Amino acid sequence: MIHIVLFGPPGCGKGTQAIILKKKFGFVHLSTGVMFRHHIKCKTNLGKIVHYYLNQGLLVPDHITTNMLNVEIKKNISSNGIIYDGYPRTKNQVFSLEKILKEESIGKIDVIFNFSIEKNLLINRLLNRGRKSYRDDDTDIITVQRRIEEYKRVTACIWNEEKWKNVFVKVNASSSIEDISLFIEGQILKFF
Ligand code: ADP
């Protein structure tokens, strides 16, 4: 079972690539953002709690996020692979992911695709997406900027341990959707 992490700032195109990969390889796609928005839309208890954080562009506290993710991982232990999109975003989340993969004996983090992109391009993409999707957290420039700041402050450094060097693959996220997916597919095929 392969574990693929898509990593990069908000709006860099992780979700788009995750959907393409899911179709192509039949992997399970776990997006924390999609899950949270689903809970908010359905007005679940979890949705009521996380609503505040998403609207402010702040990270949801780790224990909430990791518990939610662990439930989903346990549901999918017999799949051929999982794509993590928007997770992990903190060092605690990295530890938690490593821990559950070990406990369930379902492998390890095999590859981390690091999407890199210019800041200006990012802000434009997010605001554009907001206009189309009506995502509240994408329409407000302050929230968009706060998410990018949170990314730089908390998330960008989570893989700085030496052991992740070998699994890190840089992706030029300014290229076209098709070029990026061809590149990623090529990298994943190396595992089969
Ligand atoms: P984007 O990557 O475009 O910011 P996401 O859909 O991944 O969008 O996330 C939207 C929001 O959901 C984040 O701003 C944050 O509030 C919350 N969120 C998503 N993933 C996590 C996570 N791993 N840890 C904490 N909060 C998260």
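Conventions we followed
Residues numbered from 1 in each chain as written. Predicted model: local features only at pLDDT ≥ 70, side-chain atom pairs only at ≥ 80, totals over all residues. Heavy atoms only, no water. Patch = residues over 30% accessible without salt bridge, like charges linked within 9 Å, V, L, I, M, F, W, Y side chains within 5 Å. Areas by Shrake-Rupley, 256 points an atom, 1.4 Å probe, with all protein chains shown as cover. Salt bridge = Lys/Arg side-chain N within 4 Å of Asp/Glu carboxyl O. Helix = DSSP H or I, 4+ residues; strand = E, 2+ residues; numbered from the N terminus. Axes fitted to C-alpha atoms, helices over the stretch in contact; angles between N-to-C directions. Parallel < 35°, antiparallel > 145°, perpendicular 65-115°, else oblique. Left-handed = near helix turned anticlockwise from the far one by under 90°. Contact = heavy atoms within 4.5 Å. Nonpolar A, V, L, I, M, F, W, Y, C, P; charged D, E, K, R; others polar. Near = heavy atom within 4 Å. Polar contact = N/O pair within 3.5 Å; in protein donor to acceptor, adjacent residues only side chain to side chain. 1 Å grid on protein atoms, 1.4 Å probe; cavity = no way out; pocket = protein on both sides within 12 Å on 5 of 7 lines; lining within 4 Å. Sits in = over half its atoms within 2 Å of the grid points. Buried < 20%, exposed > 50% of the residue type's maximum accessible area, 1.4 Å probe, protein only. Points joined across faces, edges and corners; volume = space filled by probe spheres on them.

Trainee: Give a description of a nonpolar patch on the surface that names residues and reports values.
Mentor: Together, Leu189, Phe191 and Phe192 make up a nonpolar patch on the protein surface, roughly 350 Å² of accessible area in all. By secondary structure assignment, the location of leucine 189 is in helix H9 (residues 177-189).

Trainee: For the packing of helix H6 (residues 119-133) against helix H8 (residues 141-155), give the residues involved together with the corresponding values.
Mentor: The relative placement of two packed helices comes down to the angle between their axes together with the axis-to-axis distance. It is at 10 Å that the axes of H6 and H8 come closest, and there the two elements cross at 135 degrees. Of the possible angle classes, the one that applies to H6 and H8 is oblique. Considering how the two elements wind past one another, H6 and H8 form a crossing that is right-handed. Residues Lys119, Leu122, Ile123, Leu126, Leu127 and Arg129 of H6 touch H8, and the partners they reach there are Ile141, Val144, Gln145, Arg147, Ile148, Glu149 and Lys152. Partitioning the contact of H6 with H8 into residue classes produces 7 nonpolar, 1 polar and 5 charged.

Trainee: Describe the site of the ligand, listing the residues and the values that go with them.
Mentor: Taken together, 21 residues are adjacent to the ligand, and Thr32, Arg37, Leu58, Gln93 and Arg129 come closest. With respect to the ligand, the side chain of arginine 37 contributes an N or O atom lying 2.9 Å from an oxygen atom. A distance of 3.1 Å is found between an oxygen atom of the ligand and a side-chain nitrogen or oxygen belonging to arginine 147. Compared with its free state, where it exposes 550 Å², the ligand has 97% of that area covered by protein. Taking a 2 Å distance to the grid points as the criterion, the majority of the atoms of the ligand fall inside the largest pocket. Counting only elements with at least two residues in the shell around the ligand, the list comes to helix H2 (32-41) and helix H3 (45-56). Per-element accounting of the shell around the ligand gives the leading share, 4 residues, to H2. A per-class count over the shell around the ligand returns 8 nonpolar, 6 polar and 7 charged.

Trainee: Tell me about the side chain of threonine 90, residues and numbers included.
Mentor: Relative to the elements of secondary structure, threonine 90 occurs in the loop between strand S3 (81-85) and helix H5 (91-103). By relative accessible area, threonine 90 is classed as buried at 10%. In terms of polar contacts, threonine 90 uses its side chain to reach the side chain of aspartate 62, at 2.9 Å. Residues in contact with threonine 90, not counting those within four places in the same chain, are Leu59, Asp62, Val154 and Ile158.

Trainee: Break down empty space enclosed by the protein for me, with residues and values.
Mentor: According to the stated counting rule, one finds 1 cavity of 30 Å³ or more in the structure shown. In this structure, the largest cavity encloses a volume near 40 Å³. Forming the walls of the largest cavity are Leu6, Phe7, Gly8, Lys14, Gly86, Tyr87, Pro88, Arg89 and Thr155. Residue composition of the lining of the largest cavity, by class: 4 nonpolar, 3 polar and 2 charged.

Trainee: I'd like to hear about the environment of arginine 146, residue by residue, with values.
Mentor: Looking at the secondary structure, you find arginine 146 in helix H8. Between the alpha carbons of arginine 146 and aspartate 62 there is a distance of 18 Å; along the sequence they are 84 residues apart. Ignoring sequence-local partners within four residues, the contact set of arginine 146 consists of Gln56, Gly57 and Leu58. At 2.4 Å, the side chain of arginine 146 and the backbone oxygen of glutamine 56 are in polar contact.

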